[in-house]
Amino acid sequence: MANYPFKEIEEKWQKHWMENNHFKTVENEKPKYYVLEMFPYPSGKIHMGHVRNYSIGDVVARFKKMQGYNVLHPMGWDAFGLPAENAAIKHGIHPDIWTTKNIQEMKDQLNPLGLSYDWDREVATCSPDYYKWTQWIFLQFYKRGLAYKKESRVNWCPSCETVLANEQVVGGLCERCDSKVGKKMLNQWYFKITDYAEELLQEINNLPGWPEKVKIMQSNWIGKSTGAEVNFPINGSDKTITVFTTRPDTIYGATYMVLAPEHPYVAELVKGTEYEEEVNSFITKLQHMSDIERTATDIEKEGIFIGHYSINPITGRKIPIFIANYVLVDYGTGAIMAVPGHDQRDLDFARKYHIEVIPVIKPEEAQDFTIEKEAYSDEGIMMSSGDFNGLKSTEAYDKILQLIEEKGVGNKTISYRLRDWLLSRQRYWGTPIPIIYCDTCGTVPVKEENLPVALPTDIQFTGTGLSPLTTSETFLNAPCPSCGKMGRRETDTMDTFVDSSWYFLRYTDAKNTEKIFDKEKTDYWMQVDQYIGGVEHAILHLLYARFFTRVMKDLNLVSNPEPFKNLLTQGMVLKDGAKMSKSKGNVVSPEEIIIKYGADTARLFVLFAAPPERDLEWSDQGVEGCFRFLNRVWRLAIEALDNGLYNRKANTTTKEDKNLKYMIHNTIKRVTEDVEGRFNFNTAISAVMELVNELYKYKELEDIDGGLVEEGITTVIVLLAPFAPHFTEELWAITKGEGSVHKLSWPKYSKEAIVQDEVEVVIQINGKLKDKITIPSDMTKEAMEELAFNNEKIQSILEGKSIVKVITVPKKLINIVVK
RNA sequence: GCCGCGGUGGCGGAACUGGCAGACGCAGCAGACUCAAAAUCUGCCGAUGGCAACAUCGUGGGGGUUCGAUUCCCUUCCGCGGCACCA
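Bear in mind that the values here come from a model prediction, so they are computed numbers and not experimental data. Note that residues are indexed from 1 along each chain, following the sequence as it is written. Note on labels: chains are lettered from A, ligands numbered from 1, in written order. Totals for whole chains, interfaces and linings use every residue, but because this is a predicted model, local features are given only for residues with pLDDT of at least 70 and side-chain atom pairs only at 80 or more, for both listing and counting. Excluded from the side-chain calculation are hydrogens and water; included are all heavy atoms of the structure.

Enquirer: Help me get a handle on the packing of aromatic side chains, residues and values and all.
Expert: We call Phe, Tyr and Trp rings a pair once their centres come within 6.5 Å, taking the six-membered ring for Trp, and we label the pair stacked below 30 degrees between planes, edge-to-face above 60, and tilted otherwise. Tallied over the entire structure, the rule returns 55 aromatic pairs. Ring centres 4.4 Å apart and planes at 15° place the aromatic pair Y130 and W502 in the stacked group. With Y130 in helix α5 (residues 128–143) and W502 in the loop between α14 (496–499) and α15 (503–506), the pair connects residues that are 372 residues apart, well separated along the chain. Take Y130 and W502: they sit in the same class, and that class is buried. Measuring from centroid to centroid gives 6.2 Å for F244 and Y331, while their planes differ by 80°, and the two rings are edge-to-face. On the criterion of sequence distance, the pair formed by F244 in strand β11 (residues 240–245) and Y331 in the loop between β14 (318–324) and β15 (335–338) is long-range, its members being 87 residues apart. Only DSSP runs of H or I reaching four residues or more are called helices, and only runs of E reaching two or more are called strands; each is numbered from the N terminus. In this scheme, a residue with accessible area under 20% of its type's maximum is buried, one over 50% is exposed, and one in between is partly exposed, where area comes from a 1.4 Å probe on protein chains only.

As structure tokens, this is what we get:
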């Protein structure tokens, strides 16, 4: 028999579903379920990673719908970004046209997959209807002091004369021209995400539906450490330098101090001294290095003495002040007390510059303790620490902190690794920052009623120099919202992560022209019950989205501060052990697979080949196998219908009948559990395959129950519906003649059918399998043991051995322990 | 360096709470059908020994707990991912 006509079937049902608004969703009284896949960047081509992502989401959506939920399953486009602008520079196509065309092309490639999206809720972040609200959010942040501008060091390519995002710096080089990337001070916009650091960290504990791995990554990223700030007066000056330390217990061992070269005091302290020139050239040298070069762990520690001393406020000791490449200006206070005895970095530096090393903590057992090449960073017993000598360092930690506070020279504090979010981009294709600079009024936000600040079209893309928006006269000049005099617009646009930090909220009320969204609607749908996407977004996107949602909760725009209840991070699609990529030439295009085997086979394969969290190794033969399986089901159903198998002699209730009934209902149970709780689609599908194999065997028997065959085939069709939607819809139409398989309720297994009268148990001797016997499932322990001891095979093995004990687990095993 | 995840047949993977290791699929081998091939259907398919029934070994390596360990504990090796001069 020929293969099933997948092409006709898929086109037919896609058209049917679309024309009948099959996937349209509105709020109703049913329990809601919001399933979301991370929206794509419209590159113009979908790849297997997309197919995998959306297939997983579609199974969840269709399954939940069959379970009676009101399911929201939207799709949209993360449509701002650099590739569109590069295309403009390279080919002279306007980013808007390029993006719109790509969205259409990607939609044309997505539709053949049969995904159950409600396209009425589509959003594109580059559309003014959308970015108007991104700007509106910016203004709310600004009002709250959560958006602010500051001078800071940013990546700078001297050849392109432009700022680069961290992602655009590849191995310390500019991704476009391969020049060495340096640093430059620029005035940039920031979001104050650090205000939410503690909340974002604490609330990770309230995300039981997130993978542990992602939670750990976020915690580490936020990077909380507790310690103290201590003020060290500068000798012969009225200034003090505040250092941050996590080890106040080592303060007696501080033999020098290091400032970050960019620390504001440095320039002041050396001004007009003999050290000025040397310090300046050191700083200039560092500025020409990228962060990557500068912070590489293998780089040698380097620094210089700046001619000043400070006073250790606890010991009164006078210690030299250095600047060095290993102290960062934007962590802690940008200054440290260096304790070479107990910090490896400080030790390396001290050895190089011949600075004294004073050990102040020794291991508990140690007698004469000295430091050679390795710093001692563990706990221990205090030494050379005045009154604290002999104490455990953990006790001394608290006592010294107390002393610091009593003396008023410092206090307990907390430091985070998380930095504020730099959102300015010197780009065209992004959301314009709605700010006007006025000579009289300064920095003035655009009035809400004047949003959106639209992207102009009279732009030149030269690929060099400043933000392209500076080339638009119509954009640049705008009246000050406060005094009306001519001002200048902000010409930077926002990082595209801003756009994607709230799109899931807009889906809940995508067409609203009055408001960002209606709170009632958003509260009805939020949280996202299941979010699905690549683990590469574990930190940035997911953290930013959490941050935004928290702020929106504080603004009373939403009720729940956490956006994503459950998170599934799917693995990559590999071929020959490597990620599919053009440069490796190992790309399999979804289009060619759909043409050859159809979308249902493609979907089935990506779900069957591996559990969703793991990487998936592509296999052409594996795809073929899935296609064969669908054909096998097809033939089974068609043959049963044509040959009247449904009507053959019924209700004989043989052993085989009972077994098939058991198989049918146990398969329902297995598939339900696999899909619902664990997202193990691979085992769900293999369970259905087993049932199909069983049906093939059963139908060859002499005496079969036609009704049971029908039940079996129907069950297979219904259970496969979320996985292979077109295939099952067609089979449903053929075998049942009416309705849609997708409008059915998800089947429930019969409890009686999965009760087995007989079970197979194993007989072990010393834990090793010796024989298997089939017994009634309600047999007592005693009877089981009797049976085991009467077993001929067991008797012959037991001969001449003495029995130590017998362990019997009902319905499972009998283990006889012998000597 | 620190943190996390993983290691099971020729391959992708299964074994959910400690109880038959290898479900299901792929590849391979054999048979049926066919003039023949493809497709399809059926059977076999971890290693070693044996004609066989069967025996022994086997979940990266070593050790432990247990009647019993892929599963729990210790240790070690390898692979992958994240962070990385964060004081």
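Enquirer: Please provide a residue-by-residue account of the confidence of the model for chain A, values included.
Expert: Of all residues in chain A, 97% attain a pLDDT of 70 or more, and the chain-wide mean is 91. Quick note on the complex model: pTM equals 0.94, ipTM equals 0.95. For every residue, the predictor reports its confidence as pLDDT, a number between 0 and 100.

Enquirer: Before we move on, could you go through the protein's contact with RNA strand B and cite the residues and values that matter?
Expert: Nearness of a residue to a molecule or strand requires only that one of the residue's heavy atoms be within 4 Å of it. In the neighbourhood of RNA strand B, 53 residues make up the surrounding shell, with T246, K301, R345, K772 and N815 lying closest. A share of 65% of the atoms of RNA strand B within 4 Å of the protein falls on sugar and phosphate groups. Here K772 contributes a side-chain N or O atom positioned 2.6 Å from a base oxygen of RNA strand B. No other element matches helix α22 (residues 681–699), which puts 8 residues into the surface near RNA strand B. Only Asp, Glu, Lys and Arg are considered charged, only Ala, Val, Leu, Ile, Met, Phe, Trp, Tyr, Cys and Pro nonpolar, and every remaining residue, Gly among them, polar. By residue class, the composition of the surface near RNA strand B is 19 nonpolar, 15 polar and 19 charged. Definition of a polar contact: a pair of N or O atoms within 3.5 Å, with one able to donate and the other able to accept a hydrogen when the atoms are protein atoms, and with sequence-neighbouring residues admitted only if both atoms are side-chain atoms.

Enquirer: Before we move on, could you go through helix α24 (residues 725–736) and cite the residues and values that matter?
Expert: Given a helix with a known number of residues, its expected span is that number minus one, times 1.5 Å. For α24, spanning 12 residues, the distance from its first C-alpha to its last is 16 Å, which sits close to the expected 16 Å at 1.5 Å a residue. Burial of α24 is extensive: 9 of the 12 residues sit out of reach of the surface. Within α24 the residues assigned to the buried category are P725, H726, F727, T728, E729, E730, L731, W732 and T735. Where α24 ends, the next residue or the one after it, G737, has phi of about 85°, a positive value.

Enquirer: Give me the lowdown on the packing of helix α20 (residues 620–642) against helix α23 (residues 706–720), citing residues and values where you can.
Expert: Under this scheme, a helix contributes an axis fitted over its contacting stretch, all axes are lines through C-alpha atoms, and angles between N-to-C directions fall in the 0 to 180 degree range. Running from N to C, α20 and α23 cross one another at 140°; their axes reach a closest spacing of 10 Å. One finds that α20 runs oblique with respect to α23. At the point where α20 passes α23, the crossing takes the left-handed sense. Of the residues in α23, those touching α20 at F629, V633, L636, A637 and A640 are I713, V716 and L720. Residues of the contact of α20 with α23, tallied by class, amount to 8 nonpolar, no polar and no charged. In this scheme, roughly parallel covers angles under 35 degrees and roughly antiparallel covers those over 145, while 65 to 115 is roughly perpendicular and the rest are oblique. Two helices cross in a left-handed way if the nearer one is turned anticlockwise from the farther one by less than a right angle. They cross in a right-handed way if the turn is clockwise. Contacts were defined at the residue level, with two residues in contact if any of their heavy atoms lie within 4.5 Å.

Enquirer: So, the pairing of strand β12 (residues 256–259): which residues are in play, and what are the values?
Expert: Residues of β12 alternate between two faces, with Y256 and V258 on one and M257 and L259 on the opposite face, all of them buried. At least two DSSP bridges between two strands are required for those strands to pair. Sheet topology places β12 next to β15; 4 bridges connect them, and they run antiparallel. Opposite V258, over in β15, you have I336 as the bridge partner. Across 3 bridges, β12 lies against β14 in parallel orientation. Across the sheet, the residue bridging to M257 is I321, located in β14.

Enquirer: Got a sec to walk through helix α1 (residues 6–19)? Specific residues and values, please.
Expert: Here α1 spans 20 Å end to end across 14 residues, near enough to the 20 Å set by a 1.5 Å rise per residue. Every buried residue belonging to α1 is among F6, I9, E10, W13, Q14 and W17, and all of these are buried. Taken down its axis, α1 places every buried residue within 120° of arc, on the same side. Seen from the buried face of α1, the exposed residues on the opposite side, beyond 90 degrees, are K7, E8, K15, M18 and E19. Packed against the buried residues of α1 are α2 (48–66), α18 (590–597), α19 (599–608), α20 and α24. Following α1 by one or two positions, N21 has its phi on the positive side, about 50°. The arc refers to the directions leading from the helix axis to the C-beta atoms.

Enquirer: Describe the side chain of T134, listing the residues and the values that go with them.
Expert: Tracing the sequence through the fold places T134 in helix α5. Exposure remark for T134: the relative accessible area of 1% places this residue in the buried category. Contacts of T134, omitting those with residues within four sequence positions, involve T431, M494, V498, D499 and W502.

Enquirer: I'd love a proper account of a negative patch on the surface, names of residues and values included.
Expert: Surface patches are defined over residues having more than 30% relative accessible area and no salt bridge, joining like charges when they lie within 9 Å and nonpolar side chains (Val, Leu, Ile, Met, Phe, Trp, Tyr) when within 5 Å. Areas reported as accessible are Shrake-Rupley estimates using a 1.4 Å probe. Residue values count occlusion only from the protein chains shown. Between Lys or Arg on one side and Asp or Glu on the other, a salt bridge is scored when a side-chain nitrogen of the former is within 4 Å of a carboxyl oxygen of the latter. In summary, the charge assignment counts Lys and Arg as positive and Asp and Glu as negative, without counting His or the chain termini. Throughout, a charge is located at the NZ atom of Lys, the CZ atom of Arg, the CG atom of Asp or the CD atom of Glu. Together, E364, E365, D378 and E379 make up a negatively charged patch on the protein surface. In this structure, E364 sits in the loop between β16 (361–362) and β17 (381–382).

Enquirer: Lay out the packing of α2 against helix α21 (residues 655–678) with the relevant residues and their values.
Expert: Where α2 meets α21, the axes come as close as 11 Å, and the angle between the chain directions of the two elements is 115°. In the packing of α2 onto α21, the handedness of the crossing is left-handed. On α21, the residues touching V59, F63 and K64 of α2 are T672, V675 and E676. Class assignment for the residues of the contact of α2 with α21 results in 3 nonpolar, 1 polar and 2 charged.

Enquirer: Break down the sheet that holds β12 for me, citing the residues and quoting the values.
Expert: Judged by pairing direction, the sheet is mixed, and its 4 strands sit side by side in the order β13-β14-β12-β15 without closing on themselves. Edge strands, defined here as strands with exactly one partner in the open sheet, are β13 (303–311) and β15. Direction aside, neighbouring strands of the sheet carry axes that sit 30° apart on average. In the packing of helix α9 (residues 276–287) onto the sheet, the strands contacted are β13 and β14, and the crossing angle to β13 comes to about 120°.

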